[in-house]
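So you can see what is in the structure, the chains are spelled out below.
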Amino acid sequence: MRRRGALGEFNRGERTIVRRAAKIIGTIVLFALVAIGLAATIVPRFLDRIYYRGSPTDHFDGARFANPDGEDTGTPGGGRAGFLWRFLTGNDGRPVWPERVATATSRPAARVEGEHMVATWVGHATMLVQTRGLNILTDPVWADTAGPFGVGPKRVTAPGIALANLPKIDLIVVSHNHYDHMDLATLKTLWTRDQPRIVTSLGNDSVIRQAGVPATALDWGGRVALAPGVEVAVTRNHHWGSRWFTDRNRALWSSFVIRLPGGNVFFAGDTGMGDGRWPVEAAALGPVRLAILPIGAFRFQPGQMESGSHIGPVDAVEVDRLLGATRAIPIHWGTFHLSYEGRETPPALLAAATRCTGQTGFDAVPIGVPTAIPAYSPPAPRRGVTRAALLRCLDTPAVRALP
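Parameters at a glance
Residues numbered from 1 in each chain as written. Predicted model: local features only at pLDDT ≥ 70, side-chain atom pairs only at ≥ 80, totals over all residues. Heavy atoms only, no water. Core = buried A, V, L, I, M, F, W, Y, C linked by side-chain atoms within 4.5 Å. Buried < 20%, exposed > 50% of the residue type's maximum accessible area, 1.4 Å probe, protein only. Contact = heavy atoms within 4.5 Å. Pairing = 2+ DSSP bridges. Helix = DSSP H or I, 4+ residues; strand = E, 2+ residues; numbered from the N terminus. Axes fitted to C-alpha atoms, helices over the stretch in contact; angles between N-to-C directions. Arc of directions from axis to C-beta.

Undergrad: Would you mind showing me how to read the nonpolar core here?
TA: Soluble globular proteins: nonpolar side chains tend toward being buried together. One finds Val199, Phe266, Leu290, Leu293 and Leu394 to be the most contacted residues of the largest nonpolar core, which totals 66 residues. Among all residues touching Leu293, those that are not within four sequence positions of it are Phe266, Ala268, Ala316, Val319, Asp320, Leu323, Ala328, Ile329, Pro330, Ile331 and Phe362. If you look at the next biggest cluster of nonpolar residues, it comprises 21 residues, including Leu137, Val174, Ile198 and Val213.

Shown next as structure tokens:
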């Protein structure tokens with residue numbers, strides 16, 4: 001009996017411990033729920049930042065920037081919090097990507113002189129362009145993840161050029177402040193080493209200065225001279241900006257035209273199609289020798305061909321046509337798993353789209369492989385294909401099978 005009583009006392013003690021543990025866990029959960037609820041009203045006041053102050057314009061209301069051609073850049077699938085939660089829990093149904101994809105790496109020449117031009121895709125939106133003795137870098141990101149505090153989509157492909165193997169950089173353009181385009185640690189490293197000229201759009205200089213790095217910030221239409229005959233123009237595109245949940249559109253987004261003798265370089269940054277007039281505005285600044293155009297992160301539901309924030313290949317071929325570029329290189333695919341298309345879907349769909357339109361000179365290049373850009377020549381007349389006709393041409397079993 002004594003043993004049974006002892007056992008009973010043990011069981012009662014164990015049950016007491018379990019109840020206390022459950023109470024503690026319940027309290028923690030309750031406090032967590034309260035904290036989450038408070039975060040919705042308290043945290044934004046601390047995370048919101050005023051990056052820019054200035055007079056209102058057609059795309060700035062005195063506090064936040066906007067797309068003057070209309071807003072369609074909301075987060076897919078019911079808001080940013082829900083999108084982030086589904087991503088973090090792996091419950092968003094996106095196609096599986098490989099964890100790592102082998103890529104080439106190269107050590108570029110120190111300089112490319114004269115009219116020759118060489119472009120090397122480092123990955124995502126980072127491109128090294130070398131010409132006229134200048135080394136130009138777009139949206140440099142060498143981080144392993146695209147997000148704050150190391151949290152976010154992980155890099156699937158190693159950078160095509162090791163950061164230590166980059167030649168001395170003269171010019172960096174930064175299109176906006178999303179983490180997959182603005183990597184403060186990389187900018188700090190490059191500034192410390194090379195002191196390049198950094199050009200961005202309004203408000204982003206404030207973010208970059210957080211890393212102790214100076215930048216020149218201009219509004220759409222602004223220009224800055226870099227060298228005789230070389231000028232950087234900040235041009236319109238269709239996107240949005242944020243580093244946190246609550247500083248949305250406190251800084252401006254942009255594309256760039258780098259004006260050069262012998263033909264310009266156009267870098268689209270990160271963009272949706274919007275009204276589709278921004279490529280025409282860029283082309284008005286002079287002939288485009290090289291266009292660097294995004295084609296990925298466009299699908300958030302089966303069969304989708306674009307989102308408000310991101311053009312896919314269907315719209316990218318029209319952007320290329322409007323620019324009249326001699327050579328176009330697709331970017332913004334295959335490096336960070338940002339959306340719901342398969343990793344190889346963007347270049348495969350681009351190849352199908354250019355077959356439908358008859359365009360040439362716009363095809364994928366490998367990461368880390370230098371690509372010689374031909375001299376500018378006026379493009380042959382390109383017959384415009386309506387979007388509806390292009391989608392009919394793409395309505396094939398092969399395209400429909402692309403995840």
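Undergrad: Looking at this structure, I do not really get the sheet that holds strand 9 (residues 255–259). What am I missing?
TA: Strand pairing in a sheet is mediated by backbone hydrogen bonds. Such pairs are either parallel or antiparallel. Taken in spatial order, the six strands line up as 7-8-9-10-11-12 in an open sheet, and their pairing is mixed. The sheet is open, and its two edges are formed by strand 7 (223–227) and strand 12 (327–331), each paired on a single side. In this sheet, neighbouring strand axes are inclined to one another by 15° on average, regardless of whether the strands run parallel or antiparallel. Sheet contacts for helix 7 (residues 313–323): strand 10 (264–267), strand 11 (288–294) and strand 12; angle to strand 11, the most-contacted strand, approximately 160°.

Undergrad: Help me understand the pairing of strand 4 (residues 171–174), please; the structure alone is not making it clear to me.
TA: Moving residue by residue along a regular strand, the side chains alternate between the two faces of the sheet. A two-sided burial pattern is seen for strand 4, the buried positions comprising Leu171 and Val173 on one face and Ile172 and Val174 on the other. Strand direction decides the pairing type here: strand 3 (residues 134–138) and strand 4, joined by three bridges, are parallel. What sits directly across from Ile136, in strand 4, is Leu171. Two elements, strand 4 and strand 5 (residues 197–201), share four bridges in a ladder whose sense is parallel. Residue pairing in the sheet places Leu171 in a bridge with Arg197 of strand 5.

Undergrad: I keep staring at helix 4 (residues 184–194) and nothing clicks. Help me out?
TA: For an α-helix, the turn length of 3.6 residues means that residues three or four places apart are oriented alike. Listing the buried residues of helix 4 in full gives Leu184, Thr186, Leu187, Leu190 and Asp194. Each buried residue of helix 4 lies within a common arc of 155° when the element is viewed along its axis, so the set occupies one face. Exposed residues on helix 4 whose side chains face more than 90 degrees from its buried face are Ala185 and Thr192. Buried residues in helix 4 make contact with strand 3, strand 4, strand 5 and helix 5 (204–209). A positive backbone phi angle near 50° is found at Gln195, which sits one or two residues after helix 4.

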